[in-house]
Amino acid sequence: MRHIGAVQAVVTAAEFDREPTAAELDAIELEMPVVLAELELLDAQITTLDHTPSSLDVRRIRRARRRVLAARRELTNRSVAGSPEVA
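Conventions we followed
- Residues numbered from 1 in each chain as written.
- Predicted model: local features only at pLDDT ≥ 70, side-chain atom pairs only at ≥ 80, totals over all residues.
- Heavy atoms only, no water.
- Helix = DSSP H or I, 4+ residues; strand = E, 2+ residues; numbered from the N terminus.
- Buried < 20%, exposed > 50% of the residue type's maximum accessible area, 1.4 Å probe, protein only.
- Areas by Shrake-Rupley, 256 points an atom, 1.4 Å probe, with all protein chains shown as cover.
- Salt bridge = Lys/Arg side-chain N within 4 Å of Asp/Glu carboxyl O.

Colleague: Got a minute to help me understand the overall build of the protein in this structure?
Modeller: A count of helices and strands for the protein gives 3 helices and 0 strands. Order of helices (α) and strands (β) in the protein, N terminus to C terminus: α-α-α. With 87 residues in all, the protein has 11% of them scored as buried. Of the roughly 7800 Å² of accessible surface on the protein, 60% is carried by carbon and sulfur atoms.

Okay, here's the thing in structure tokens:
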């Protein structure tokens, strides 16, 4: 039986083996409030999958949606405020 192996070294392996850069970590940290708000909304929606939503469930989902929108608005305002002025 003959062993078949790669003739060339893998070119893209180094790209996937690296750690995140400081800029990537900063971007993740900046987006974390949005991620957490979306996670809270998803949790509220999952709890209503197996039963008819009660008024408390509806309020919880509505509040979670508002938190998602507020977090997205805050992120957008930060990115617009940090970007250079467009003439």
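Let us keep going from here.
Colleague: Is there a simple way to think about the pattern of salt bridges in this case?
Modeller: Side chains bearing opposite charge may pair, as long as their charged atoms lie close to each other. Under the counting rule described, the total for this entry stands at 5 salt bridges. A salt bridge links Arg-78 to Glu-74; the shortest N-O distance between them is 3.5 Å. Taken together, the residues span about one helical turn, with Arg-78 and Glu-74 both in helix H3 (residues 55-82) at a distance of 4 residues.

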